[in-house]
Amino acid sequence: MELSDANLQTLTEYLKKTLDPDPAIRRPAEKFLESVEGSQNYPLLLLTLLEKSQENVIKVCASVTFKNYIKRNWRIVGILVEDEPNKICESDRIAIKANIVPLMLSSPEQIQKQLSDAISIIGREDFPQKWPDLLTEMVNRFQSGDFHVINGVLRTAHSLFKRYRHEFKSNELWTEIKLVLDAFALPLTNLFKATIELCSTHANDASALKVLFSSLILIAKLFYSLNFQDLPEFFEDNMETWMTNFHSLLTLDNKLLQTDDEEEAGLLELLKSQICDNAALYAQKYDEEFQPYLPRFVTAIWNLLVTTGQEVKYDLLVSNAIQFLASVCERPHYKHLFEDQNTLTSICEKVIVPNMEFRAADEEAFEDNSEEYIRRDLEGSDIDTRRRAACDLVRGLCKFFEGPVTGIFSGYVNSMLQEYAKNPSVNWKHKDAAIYLVTSLASKAQTQKHGITQANELVNLTEFFVNHIQPDLKSATVNEFPVLKADGIKYIMIFRNQVPKEQLLVSIPLLINHLQAESIVVHTYAAHALERLFTMRGTNNTTLITAAEMAPFVEVLLTNLFKALTLPGSSENEYIMKAIMRSFSLLQESIIPYIPSVITQLTQKLLAVSKNPSKPHFNHYMFESICLSIRITCKANPEAVGSFEEALFLVFTEILQNDVQEFIPYVFQVMSLLLEMHKNEIPSSYMALFPHLLQPVLWERTGNIPPLVRLLQAYLERGASTIASAAADKIPGLLGVFQKLIASKANDHQGFYLLNSIIEHMPPESVDQYRKQIFILLFQRLQNSKTTKFIKSFLVFINLYCIRYGALALQEIFDSIQPKMFGMVLEKIIIPEIQKVSGQVEKKICAVGITKILTECPPMMDTEYTKLWIPLLQALIGLFELPEDDTIPDEEHFIDIEDTPGYQTAFSQLAFAGKKEHDPVGQMVNNPRIHLAQSLHKLSTACPGRVLSMLSTSLNAEALQYLQGYLQAASVSLL
Amino acid sequence: RMRKFKNKGKDAAALRMQRVEMSVMLRKAKKDEQILKRRNVSLPVKDENVPPGQNGTHEIIQLSLEEIVEGINGNNPKLQLLATQATRKMLSRQKDPPITQIIQLGIIPRMVEFLGRAGNAALQFEAAWVLTNVASGTSEHARAVVDGGAIPALISLLSSPHMHISEQAVWALGNLAGDGPLYRDVLINHDVIPPLLALVSPVTPVGFLRNITWTLSNLCRNKNPYPPLDAVHKILPVLICLIQHEDKEIITDCCWALCYLTDSSNDRIQIVVDMGVLPRLVELLASMNVMVMTPALRATGNVVTGTDQQTQAAIDAGVLAVLPRLLRHSRPGIQKEAAWMLSNIAAGSSQQIQQLITCGLLPPLVELLDKGDFKAQKEGVWVVANITTGGTVDQVVELVRSGVLKPLLNLLSAKDSKTILIILDTISNLFLAAEKLGQTEKLCLLLEELNGVEKIEDLQNHENNIVYRAALNIIEKYFSGE
């Protein structure tokens, strides 16, 4: 693409279309941009547009497109180049790097942010080596005095350096940090001082202050990143400057910076939060050096806490401030700062308790934004909440002051409960606070059982449960005091391991009852609590609560669970769906009477959500529940599979026709499960679908590959002979799939799964004509890119082949490709690599295959291959006795191997659609060591003396010893 | 490949983490390290070596740089001495000695020449002093001394009949040796060692012995390359004698020398172990003197990075008995080194892990993890990790019983990705042991009760991908309830 006005115009039009709400216009435009992004000058055109376009919306759109383009394409993925060619040519790269910093700095903020992100993505790859002047270019701008520019630089620096906060230390990383420190630390410090001075000269200028404080926040963030890995010499030498200024900023207030907004944190709050973080970092990691400054910070932060209000905008600040105190109070040498009884009481009263109270904002979230409330409260994603921080502070204080702290809080719990008792409808929040304290602070450790010495007994958990929790849940009105109901249910969840089983059993009908509560939080918690209780383990690894104990409640449980899905706001509630799945799994055959109604409701749900799948967890559990229904029913009555097919196929067809991408992999898995339920010949309905499964378009989506392979395996297992007789013309298509999969480093193991099923199940004559071609394809791949994963799968395949077709056939097919090829495979692949094979079934296949090569392949005894006989035997004994060789060459570490290869399809997204472990040699060979001994015995009977003489002259002594063990165990001896 | 039959499954060397001193440092050079170079700033108490007849012993006339050059380059021995003295005085002042300027005067070769004036002891002494202080500067400065040809001259002064002169020569040579491996080896190739060692005798004054020990330690110092083996073999026996001395400074410098010699490959560690010095090092570890303790601890720590046998030698010397006190030491640096040493012992055989447990190291370890300095806690985490990797199931059970989990889980909120990852790996190891005992559920429960699950769940939001995956893996495997 040339840098021409015409191209700019074209690009503008397409960018505009990508903003169109109509997918029919939007999608083609996106596709077009994707198709041209490999062209030279494309990124430069985007940069031109975002700088010069007349329309602001195009500028912004170009900047976002540019950032995403950089994100996708800048990184050159070393060894995966074959899959992803480098889309950005070198001259474009150079031009981008030369122009982007000034462009970013002169852009308005909205665009500046995108470009700044792009710079940090580029920096991640190119900085420092391939972008040496970036730092100087940035630092020079500090002199500009223009804080719009300075903030741009600081923001970029922050996105470049923030990775120092989480990366592992390494010489490479530290070299970079050192370089950054050398160039950046002093200018940053000077800028920090200058900015603070400007703050006091402009103390009455609100707009100037805002810009300056934004700078200070970024500077404080940079301080955190640069100091994270270790305390740099520069900052140790300049600690006085930084800490004195940080300290005074903590105590600073300026009316002009206060905001009216209750929710959004203002600049002052953000800055102080970051300073608390910085102080906490130093206190935790550089205690020795920071000690002289620490007491001042404790006092300042303490004052900050006592004077800061309850508004949401202060949450981050308050939680960071509390976290700082929490990390300091558990240090032995700061104990004295806290130990005074008055201090402790005042921390509890003024810092902890107020921050544990249920605030108006919480109440609002409970009612109107339940999803968010649940996420924070239940899933512990409340890391930054005040409540969480307050709990951490209590735990910290308990390290040295457990007695006094427990005393203060027990008293507090009691007085709160008394307040509640006086007038429940007015004072229910007091009880909430009391329950919150107990659920967060009571020790969950069971003292006698595990021998942990823990004495923090705020209350007796069972007594509290019986006296204060159950009464709320037993109340006839499920919709009264929803917050307290939610508290009570949460109590059961949290202490389910501490409360005795009989109390849990009493709770189950109460929980089932609360599935009907109108409050989303309450019925969600009830479902979640049931789900958790059903997963608890009792003795003998069975579930704690048995199906028999649940018998009286089956109907009401199922009814209420499905009814809960009809309550407003919960139509796709993942907790309820998960509880349904878990109930099925626990109740097993007792759900069978309800299956007709259940499956109707599930298919209706499926149909409804397939219009617009939006809750992945909900969907996942829904499919799991469907699988469970099928399994449980068909286990008792295999004939029932037909009725499931009848109920489901209609919806499945619709999903496939409408190409609902999220659901297709699930559909394939459920179909595999159904197909495997058939004991006899494969039904014609499946055969009709077979050709469609081989269509290349389906295989282009990576998410489809594992379940499709699994489905084809099911076809082969159940209907190999039908395919051979009725669909022989589809065999090349099947092998085409194999060929496609084998060519990719990411999917080659899937190709082997398929190939192995073909070898195992297809009648030999039906694949005869393709066999040689298969081997040739495998060799080509071996030559082009030999990876450990490929080798492992290859080894399993050739041994399976050997078992199925015989060792002689294996030797012949290799040698027919090229003379002496068999010997090369033995010497260069099997013998040196066999130790890498993993998985029990896989190892067994290899052991039996190699045994056959050793004992049933005449050329091994009477050609030049004989010299490999002993090394092969030794490798086999190694496979039996040595630890697995799981080393991977360095250059392979970046291959995506999330699916570890094995004979089985490792993909089991649906747990309850999972395949049984399949052992193709199970029938034939039970113990491969004994099998080796017996086979050797047979061989030695056929040619007496030869085996023994080979063994005694060249087998390694240790290996020989093992071998003798096998012979003994098999009670045979060699002749 | 059959050799693998012996050490089934485990490669001890991989477990043991030698102090791979990161070659890049962000921190200030450590304050407790031994000094590389020293300048002679204190005036000798009595300058009795100045020949009588001059204007009193303590009066040294101040001269301008021009006068100095003139005096030194002139032929008048008196003026030569005065000018050299004036130079020495300038270089001995407390602040900002003008080393570079003095070098630029071009008088270094002349100083070297003065070293050879056997008939003029005072001049020899003053010149040696000047060179000592020039060499105490940067590498650039040291190079001026070496290029001026000082090395052979200084070495021959070691055998001077005047003790104060040979002492000054020792000092100057020490500074050159401390400059780096290059001059260290030049000195060794000039055979500095025999005359240097000859100075050590029962009657050598303590002050002189200190200087000699320090110079010897500099000859042992530095890697890339290490000092030649035969030099080590010559120096070691003398160090072993000197370490028995009662003077703290002498002992300290001996320990530093042993530190350098053991911060090396296993065969070099073996040379030190073979000298039988470990019991003495352990004895010094028990001393209350931080100055002595620091290098003794480092040297012993280096030894246990070696083979299992070398580690065992340290254990046999009684190191486990002194470790509890070191782990509880008030100095963070000492805590850290002690924990580091313990982590290497824990990387040994399961018998060694057993000894560690039997000698009562678990309680101080738990204390350290709970309340120690962060640097030490990090090392403590490695101890736990190594026990769970190399220990028997019983030993792992013992470890859990000691209460290690609570502080360990607390450290999941540490601001250090590596530490978090090791803890997560340790938890996985614990689960492997629990599986063998059929107590997976129990361990799940324990982690939950100690608020560990909550912390691991939080780590699923960690920015570091590897940490996030490790956390996710544990949650999915043991806590997902599927």
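Calculation criteria
- Residues numbered from 1 in each chain as written.
- Chains lettered and ligands numbered in written order.
- Predicted model: local features only at pLDDT ≥ 70, side-chain atom pairs only at ≥ 80, totals over all residues.
- Heavy atoms only, no water.
- Helix = DSSP H or I, 4+ residues; strand = E, 2+ residues; numbered from the N terminus.
- Buried < 20%, exposed > 50% of the residue type's maximum accessible area, 1.4 Å probe, protein only.
- Areas by Shrake-Rupley, 256 points an atom, 1.4 Å probe, with all protein chains shown as cover.
- Lys, Arg positive; Asp, Glu negative; His and termini not counted.
- Charge placed at Lys NZ, Arg CZ, Asp CG, Glu CD.
- Contact = heavy atoms within 4.5 Å.
- pLDDT = per-residue confidence, 0-100.
- Phe/Tyr/Trp six-rings, centres within 6.5 Å; stacked < 30°, edge-to-face > 60°.
- Lys NZ or Arg CZ within 6 Å of the ring centre and 35° of its normal.
- Buried area = accessible area lost by both parts, 1.4 Å probe.
- Salt bridge = Lys/Arg side-chain N within 4 Å of Asp/Glu carboxyl O.
- Axes fitted to C-alpha atoms, helices over the stretch in contact; angles between N-to-C directions.
- Parallel < 35°, antiparallel > 145°, perpendicular 65-115°, else oblique.
- Left-handed = near helix turned anticlockwise from the far one by under 90°.
- Nonpolar A, V, L, I, M, F, W, Y, C, P; charged D, E, K, R; others polar.
- Core = buried A, V, L, I, M, F, W, Y, C linked by side-chain atoms within 4.5 Å.

Chemist: It is not clear to me how the overall build of chain A should be interpreted in this structure. Could you clarify?
Modeler: Counting secondary structure elements, chain A contains 49 helices and zero strands. Overall, chain A is about 100 × 75 × 65 Å in size when its C-alpha atoms are taken along their principal axes. Considering chain A as a whole, with its 975 residues, one finds that 56% of them fall into the buried category. When the accessible surface of chain A is summed, it comes to about 40,900 Å², and 51% of that surface belongs to carbon and sulfur atoms. Charged side chains of chain A number 89 positive and 116 negative; the gap between the two group centres comes to 3 Å.

Chemist: Help me out: how do you make sense of the side chain of S370 of chain A in this one?
Modeler: Residue position: S370 of chain A is located in helix α19 (residues 370–378). Once you skip the residues sitting within four places of it in the chain, S370 of chain A turns out to touch A365, I520 and V521 of chain A.

Chemist: How do you make sense of the confidence of the model for chain A when you look at a structure like this?
Modeler: Caution applies to low-pLDDT regions: their predicted coordinates should not be interpreted in detail. All names here are of chain A. A residue-level look at chain A finds 94% of positions with pLDDT of 70 or above and a mean pLDDT of 89. Predicted confidence for residues 446–455 stays below pLDDT 50, and this span has 16 contacts to residues more than four positions away or in other chains. Considering only residues more than four positions removed or in separate chains, one finds that residues 893–908, a stretch of pLDDT under 50, has 44 contacts.

Chemist: Would you explain the packing of aromatic side chains in this entry?
Modeler: For any pair of aromatic rings, the description consists of the separation of the ring centres together with the inter-plane angle of the planes. Overall, the coordinates contain 49 aromatic pairs over all chains when judged by the stated rule. Taking 5.1 Å as the distance between ring centres and 80° as the angle between the ring planes, the aromatic pair formed by F366 of chain A and Y373 of chain A counts as edge-to-face. Taking relative accessible area as the criterion, Y373 of chain A reaches 7% and is therefore assigned buried. Ring plane angle 10° and centroid distance 6.2 Å describe the contact between F790 of chain A and F794 of chain A, whose orientation is recorded as stacked. With F790 of chain A and F794 of chain A both in helix α41 (residues 788–805), this residue pair falls four residues apart, about one helical turn. There is no split in this pair, since F790 of chain A and F794 of chain A are both buried. Pairwise contacts between aromatic rings join F192, F223, F234, F235, W242, F246, Y282, Y286, F290, Y293 and F297 of chain A into one cluster. The side chain of K17 of chain A reaches across the aromatic face of Y14 of chain A, ending 5.2 Å from its centre. Positioned over the ring face of W129 of chain B is R88 of chain B, at 4.0 Å from the centre of the ring.

Chemist: Looking at this structure, how should I read the interface of chain B and chain A?
Modeler: A common way to report how large an interface is uses the accessible area buried once the components associate. Tallying the contact residues gives 49 residues for chain B and 65 residues for chain A. Roughly 5,300 Å² of surface becomes buried between chain B and chain A when both sides are summed, with 52% attributable to carbon and sulfur atoms. Run the count over chain B and chain A and you get seven salt bridges. Here D370 of chain B ties to K399 of chain A by a salt bridge, and the two come within 2.9 Å at their closest N and O atoms.

Chemist: Help me out: how do you make sense of the pattern of salt bridges in this one?
Modeler: If you walk through the whole model with that rule in mind, you get 62 salt bridges over all chains. D230 of chain A is the partner of R27 of chain B in a salt bridge, and the nearest nitrogen-oxygen pair spans 2.6 Å. Placement of R27 of chain B in the loop between α1 (12–15) and α2 (65–73) and of D230 of chain A in the loop between α10 (206–226) and α11 (233–237) is noted, with the two residues assigned to different chains. Neither R27 of chain B nor D230 of chain A differs from the other in exposure class; each is buried. Residues E856 of chain A and K852 of chain A are paired through a salt bridge, measuring 3.2 Å at the closest nitrogen-oxygen approach.

Chemist: What is the right way to read the packing of α41 of chain A against helix α44 (residues 840–855) of chain A from this model?
Modeler: When two helices pack together, their arrangement is captured by the angle between the axes and the distance separating the axes. Residues and elements named next belong to chain A. Remark: α41 packs on α44, axes separated minimally by 8 Å, with the N-to-C direction vectors making an angle of 55°. Accordingly, the angle class assigned to the pair α41 and α44 is oblique. Taken as a pair, α41 and α44 cross one another with a handedness that is left-handed. Where α41 approaches α44, its residues L795, V796, N799, L800, C802 and I803 are matched on the opposing element by E842, I845, C846, V848, G849, I850, K852 and I853. When its residues are assigned to classes, the contact of α41 with α44 shows 10 nonpolar, two polar and two charged.

Chemist: Would you explain the packing of helix α29 (residues 574–587) of chain A against helix α31 (residues 616–636) of chain A in this entry?
Modeler: Residue and element names in this part refer to chain A. At their nearest, the axes of α29 and α31 sit 8 Å apart, and the two run at 20° to each other. Judged on the interaxial angle alone, α31 and α29 are roughly parallel. Seen from above, α29 lies across α31 with left-handed handedness. Contacts from E574, M577, K578, I580, M581, F584 and S585 in α29 reach H617, F618, Y621, M622, E624, S625, L628, S629 and I632 in α31. Here the contact of α29 with α31 is composed, by residue class, of nine nonpolar, four polar and three charged.

Chemist: How do you make sense of the nonpolar core when you look at a structure like this?
Modeler: Grouped burial of nonpolar side chains is what soluble globular proteins tend to show. Counting 355 residues, the largest nonpolar core has F184, F324 and W869 of chain A as its most contacted members. When residues in this core are grouped by element, the largest group, 16 residues, is from helix α20 (residues 386–422) of chain A. Not counting chain neighbours up to four residues away, the residues in contact with F184 of chain A comprise L135, M138, V139, F142, A157, F161, L222 and L226 of chain A. Of all hydrophobic cores here, the second largest spans 159 residues; its members include I151, V277, A296 and L409 of chain B.

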